[in-house]
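# Structural features, examined
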Amino acid sequence: MRQAREFNFDGLVGPSHNYAGLSFGNVASFNNVKSASNPKQAALQGLAKMRALAQRGFAQALLPPQDRPNFRLLRSLGFTGSDADVLARAYKESPVILACAYSASPMWTANAATVSPSADTADGRVHFTPANLNNKLHRAFEHAQSARSLRAIFSNPRYFAVHDALPGTPAFGDEGAANHTRLCAAHGADAVEMFVYGRVEFDASAPAPKRFPARQTLEASQAVARLHGLAAERTVYIQQNPDVIDQGVFHNDVIAVGNGNVLFYHEQAFADEAATLASLRAAMAGVGAELQAVRVDTGAVAVADAVHSYLFNSQLLSKHDGKMALVIPHECQENAAVARYLEGLVASGGPVDELIHFDLRQSMRNGGGPACLRLRVALTDEESSAMHQGVIMTEALYHTLVAWVEKHYRDHLEPKDLADPALALETHAALEELTRILGLPGLYDL
């Protein structure tokens with residue numbers, strides 16, 4: 001077994017963080033539509049989380065924000081003239097399209113890509129497939145910059161392979177790591193890769209939600225597994241429960257999270273709970289690991305409470321003592337049922353013996369918790385040395401980025417501010433400086 005560490009690449013929140021409410025099916029996002037946001041606070045909250053986990057000894061890095069506004073999108077839809085003209089006309093004629101061009105969603109890097117570590121792949125390299133996110137206009141253009149960023153950070157072809165996104169058609173709707181979990185005895189060991197899908201494109205008889213869209217297809221999951229060269233016997237496809245999608249569980253990571261050999265999940269998470277556990281146990285036995293399932297009953301935590309608190313949109317992190325810590329937002333402590341459950345979880349003697357709390361309200365109000373903010377990448381020492389070092393969170397980088405945020409970010413942003421040409425100029429100036437801070441010249445096509 002090779003030795004490996006799991007790096008969490010958190011999304012660095014961009015200067016135009018705003019609440020546009022564009023994500024139908026994401027209850028928190030929809031509930032806060034058109035309210036004022038605080039980009040500076042959002043970025044500082046995210047940086048504080050990264051710093052705290054790095055100080056605890058967890059491997060922590062970041063993915064830079066994407067360029068905003070997306071002038072390429074706006075011009076492709078017929079808005080012409082100078083940049084200021086484009087913004088003014090879009091705001092007047094279609095403020096929703098302007099909001100799409102200013103989408104803050106790339107901060108949630110769990111949707112940036114699906115990642116398979118070298119222990120799992122046929123060619124022994126770490127594979128990345130950027131998610132096409134084709135279910136939503138505001139996200140469907142992200143994959144180009146996601147691929148560009150990943151290729152800049154993981155540029156050595158000896159160790160890394162960054163694929164193009166899947167075709168942007170409904171049959172291959174792909175939402176990235178938010179619907180993917182790796183289960184194993186250790187990060188460097190052979191693992192079972194679990195893909196969770198919401199619908200089947202080529203089988204009209206398969207169950208599907210009725211109210212909200214199912215964003216991940218079985219066909220997309222299978223395509224990613226093929227691209228990554230995953231062994232069939234160590235790859236498991238699980239259908240999400242259509243009923244919980246209709247209750248606001250737009251990704252699997254809103255209702256389940258895994259780490260190591262532990263699967264922490266709600267009893268209503270999957271279409272067939274018994275078959276899911278049986279498939280995972282059989283596959284994990286093949287890699288010499290035993291599944292430890294931590295089930296949360298509906299009687300203890302209702303689905304609505306799980307969605308509103310983002311109990312499962314948490315991070316499970318392996319500690320040096322063999323136990324795990326659960327990284328949760330403050331909202332979990334403010335929900336009586338969830339707080340009561342977590343108290344019992346830590347006292348139970350099970351795998352989770354610590355809770356780590358963070359204030360992530362700016363992200364939470366936009367529909368993303370701790371797990372949305374990070375992309376997990378398991379790397380050997382040789383692989384981590386081969387990636388770009390400028391994105392690894394250190395105390396020095398933290399302080400540099402805090403000063404950068406204080407210099408460039410607004411502390412109040414309303415929907416009407418998206419029409420302000422100064423905001424676009426401020427964002428571009430911030431990103432140009434960021435490329436120098438991170439040592440990634442040419443990262444953006446500004």
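So, a few notes on the structure that sits alongside this text.

Conventions used here
- Residues numbered from 1 in each chain as written.
- Predicted model: local features only at pLDDT ≥ 70, side-chain atom pairs only at ≥ 80, totals over all residues.
- Heavy atoms only, no water.
- Axes fitted to C-alpha atoms, helices over the stretch in contact; angles between N-to-C directions.
- Helix = DSSP H or I, 4+ residues; strand = E, 2+ residues; numbered from the N terminus.
- Parallel < 35°, antiparallel > 145°, perpendicular 65-115°, else oblique.
- Left-handed = near helix turned anticlockwise from the far one by under 90°.
- Contact = heavy atoms within 4.5 Å.
- Nonpolar A, V, L, I, M, F, W, Y, C, P; charged D, E, K, R; others polar.
- Polar contact = N/O pair within 3.5 Å; in protein donor to acceptor, adjacent residues only side chain to side chain.
- Phe/Tyr/Trp six-rings, centres within 6.5 Å; stacked < 30°, edge-to-face > 60°.
- Buried < 20%, exposed > 50% of the residue type's maximum accessible area, 1.4 Å probe, protein only.
- Lys NZ or Arg CZ within 6 Å of the ring centre and 35° of its normal.
- 1 Å grid on protein atoms, 1.4 Å probe; cavity = no way out; pocket = protein on both sides within 12 Å on 5 of 7 lines; lining within 4 Å.
- Points joined across faces, edges and corners; volume = space filled by probe spheres on them.
- Pairing = 2+ DSSP bridges.

Quick look at the packing of helix H15 (residues 395-408) against helix H16 (residues 421-438) now. Their axes nearest at 10 Å, the elements H15 and H16 cross at an angle of 165°. With respect to H16, the element H15 is oriented roughly antiparallel. Every pair of crossing elements has a handedness; the one defined by H15 and H16 is right-handed. Mapping the contact onto sequence places Leu-397, Thr-400, Leu-401, Trp-404, Lys-407 and His-408 in H15 and Glu-426, Ala-429, Ala-430, Glu-433, Leu-434, Ile-437 and Leu-438 in H16. Per-class residue counts for the contact of H15 with H16 are eight nonpolar, two polar and three charged.

Our next topic: the side chain of Asn-18. With respect to the helices and strands, the residue Asn-18 is situated in the loop between strand S1 (5-11) and helix H1 (27-31). In this structure the side chain of Asn-18 is engaged in a polar contact, spanning 2.8 Å, whose partner is the backbone oxygen of Ser-16. Ignoring any residue separated from it by four or fewer positions in sequence, one finds Asn-18 in contact with Ser-37, Tyr-102, Ala-104, Asn-366, Leu-413 and Leu-418.

Moving on to the packing of aromatic side chains. All chains considered together, the criterion is met by 10 aromatic pairs. For the pair Phe-7 and Phe-9, a centre-to-centre distance of 6.3 Å together with 40° between the ring planes defines the contact as tilted. Owing to a relative accessible area of 1%, Phe-9 belongs among the buried residues under this scheme. Considering the side-chain rings of Phe-154 and Phe-160, the 5.1 Å spacing of their centres and the 70° angle between planes classify their relative orientation as edge-to-face. For the cation-ring pair, Arg-5 lies above Phe-7, with the distance from its terminal atom to the ring centre recorded as 5.8 Å.

It is worth spelling out empty space enclosed by the protein at this point. A probe matching the size of a water molecule, rolled over the atoms, marks out where space remains unfilled. All chains considered together, the criterion is met by nine cavities of 30 Å³ or more. Here the largest cavity defines a volume of roughly 260 Å³. Elements that contribute at least two residues to the lining of the largest cavity include exactly strand S6 (180-184), strand S9 (256-259) and strand S15 (374-379).

Moving on, we come to the sheet that holds S6. Strand order across the open sheet formed by three strands is S6-S7-S8, with mixed pairing between neighbours. Edge positions in the sheet fall to S6 and strand S8 (235-239), since each of these pairs with one other strand and no more. The sheet shows a mean angle of 25° between the axes of neighbouring strands, direction not considered. As defined by bridge partners, S6 adjoins strand S7 (residues 191-197) across five bridges and the pair is classed as antiparallel. Of the residues in S7, the one forming a bridge with His-180 is Phe-195.

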